[in-house]
Amino acid sequence: MNTRRDFLQKIGASALMLQLSSLTSFANSSVQIGHPYTGRVLRVAIMGLGGYGTRVAEAMNACSKAKLVGVISGTPSKITDWQRKYNIPEKNCYNYDNFDQVKNNPDIDAIYVITPNALHHGQVIRAAKAGKHVICEKPMALNAEEGQEMVDVCEKANVKLLVGYRMHFEPRTLEVVRMRNAGEFGKVMFFQGQCGFKAGDPKQWRLNKALAGGGSMMDIGIYALNGARYMVGEEPIWVTAQETKTDSEKFKEGVDETVQFQLGFPGGAVASCLSSYNINHLDRFFLSGDNGFAEMQPSTGYGPIKGRTHHGELVQPIVTHQTVQMDEMAGIIFEKRTPVIPVDGKEGLKDLKIIDAIYRAIKTGEKVMLTD
Ligand code: NDP
């Protein structure tokens with residue numbers, strides 16, 4: 001198990017201090033080394049007990065600041081399994097019809113929405129209206145219009161909306177961002193992001209436009225897009241994009257198989273990105289500046305993230321992404337901590353606006369200018 005707790009247990013205190021002194025971003029994390037956490041714990045109900053929900057739940061076992069206390073599911077047998085496994089009381093179990101009642105449950109602080117993309121919009125709005133903070137998986141919604149409404153409703157309900165951008169807390173990623181901010185790469189001129197895998201079962205929801213909202217771009221291409229933004233450190237001003245389809249039976253109308261897109265940034269940098277449901281082993285970032293470079297592969301998978309810069313290998317601690325994410329999100333919600341790379345609804349909305357533009361660029365074949 002590659003949890004931060006395991007990492008801390010494996011190395012002694014002095015070695016730890018030595019290591020952490022050079023790990024600025026990680027040492028600034030909200031869980032204080034050597035001090036058991038005694039503050040408020042974020043009590044979370046997971047909605048959608050599928051593949052990723054299961055991974056998040058297991059990772060939360062090692063959290064200090066967040067705890068799984070409830071479930072929302074359409075499958076009664078999963079609810080009883082999870083109740084047994086995570087000691088979840090009956091009063092914290094809901095289905096998709098009755099979960100608005102969570103508003104009367106003072107023992108749940110936040111709902112983590114981990115369902116198919118098309119359901120995020122309605123479910124996040126219902127959770128917010130029930131007065132609960134919401135964490136929503138990526139993509140936050142199917143388009144910017146939906147995303148904007150989610151941001152507005154959460155603001156009005158005075159609850160936080162966060163997006164499950166786990167890479168925003170990953171120590172090696174944060175080190176590259178720290179180096180970029182410190183000017184160690186010089187003027188950044190180029191980013192390349194390649195994200196993809198071969199999608200299997202043609203019947204899965206990811207290949208169903210109604211539930212997925214698109215194809216590879218919504219699911220995996222978003223990592224290259226989001227990565228381009230946090231690696232370059234600017235917001236793009238234009239986008240061009242092209243789609244390639246080799247199997248129109250499997251990847252039906254509106255479900256993109258492979259998308260290439262290019263972004264232009266105000267400082268002059270360009271990004272060249274690839275998103276695919278039909279190419280394996282695509283998980284690579286490359287950032288180039290006048291004075292240096294960063295290369296990560298894998299760059300966004302569950303880890304361990306590996307990479308090097310012009311200074312050498314990245315050696316920051318290997319963590320379980322979702323454990324760190326949930327502890328950090330608890331800090332954002334209860335301690336008003338500000339993450340190095342934002343994870344709020346407005347950040348999710350920025351990606352959705354660019355995804356809308358990418359699909360528009362594919363359709364028209366033209367460069368789309370990105371204006372706010
Ligand atoms: P799964 O298909 O494994 O699980 C989705 C779950 O959603 C189902 O098990 C089901 O849970 C619930 N659900 C509710 N309605 C439907 C429906 N109509 N069709 C199918 N499932 C339904 O998907 P994933 O867990 O892989 O993905 C869920 C979300 O998480 C997606 O938005 C995806 O993009 C995101 N994700 C994020 C990752 C990350 O690294 N950040 C990685 C993987 C996914 P139940 O039976 O309990 O109702």
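For the structure itself, look to the data block above.
From a predicted model like this one, the values you see are computed outputs, not experimental measurements. (Residues numbered from 1 in each chain as written. Predicted model: local features only at pLDDT ≥ 70, side-chain atom pairs only at ≥ 80, totals over all residues. Heavy atoms only, no water.)

A. Local environment of the overall build of the protein chain. A count of helices and strands for the protein chain gives 12 helices and 15 strands. Computed over C-alpha atoms, the radius of gyration of the protein chain comes to 20 Å, within 12% of the 21 Å expected from 2.2 N^0.38 for 372 residues, which places it in the range of a compact globule. Taking the principal axes of its C-alpha atoms as reference, the protein chain extends roughly 55 × 55 × 40 Å. Per-residue burial for the protein chain yields a buried fraction of 54% across its 372 residues. Within the protein chain, residue pairs in contact and separated by at least 24 positions form 70% of the contacts whose partners lie at least 6 positions apart. Just so you have it, the protein chain exposes about 16200 Å², and 51% of that area is on carbon and sulfur atoms. Each charge sign in the protein chain was given a centre, from 43 positive and 40 negative side chains, and these centres are 4 Å apart. (Helix = DSSP H or I, 4+ residues; strand = E, 2+ residues; numbered from the N terminus. Rg over C-alpha atoms; globule rule 2.2 N^0.38 Å. Buried < 20%, exposed > 50% of the residue type's maximum accessible area, 1.4 Å probe, protein only. Contact = heavy atoms within 4.5 Å. Areas by Shrake-Rupley, 256 points an atom, 1.4 Å probe, with all protein chains shown as cover. Lys, Arg positive; Asp, Glu negative; His and termini not counted. Charge placed at Lys NZ, Arg CZ, Asp CG, Glu CD.)

B. Seen up close, the layout of surface pockets. For the largest pocket, the calculated volume is near 670 Å³. If you trace the largest pocket, you find 32 residues lining it, with Y52, K138, R206, D219 and Y302 closest to the centre. Every element with two or more residues in the lining of the largest pocket is listed here: α4 (51-60), α6 (117-129), β7 (188-196), α10 (216-232) and β11 (282-289). Taken together, the residues of the lining of the largest pocket break down into 12 nonpolar, 13 polar and 7 charged. (1 Å grid on protein atoms, 1.4 Å probe; cavity = no way out; pocket = protein on both sides within 12 Å on 5 of 7 lines; lining within 4 Å. Points joined across faces, edges and corners; volume = space filled by probe spheres on them. Nonpolar A, V, L, I, M, F, W, Y, C, P; charged D, E, K, R; others polar.)

C. Quick look at the site of the ligand. The environment of the ligand is formed by 25 residues, the closest being S73, T75, K78, Y96 and R166. Measuring from an oxygen atom of the ligand, one finds a backbone N or O atom of L49 at 2.8 Å. Between S73 and the ligand, the recorded distance is 2.6 Å, taken from a side-chain N or O atom to an oxygen atom. Contact with the protein chains hides 80% of the accessible area of the ligand, taken as 890 Å² for the molecule alone. The cavity that encloses the ligand is the largest pocket. Of all the elements in the fold, those that place two or more residues in the shell around the ligand are α4, α6 and α10. Among the residues making up the shell around the ligand, the classes are represented as 9 nonpolar, 10 polar and 6 charged. (Near = heavy atom within 4 Å. Polar contact = N/O pair within 3.5 Å; in protein donor to acceptor, adjacent residues only side chain to side chain. Sits in = over half its atoms within 2 Å of the grid points.)

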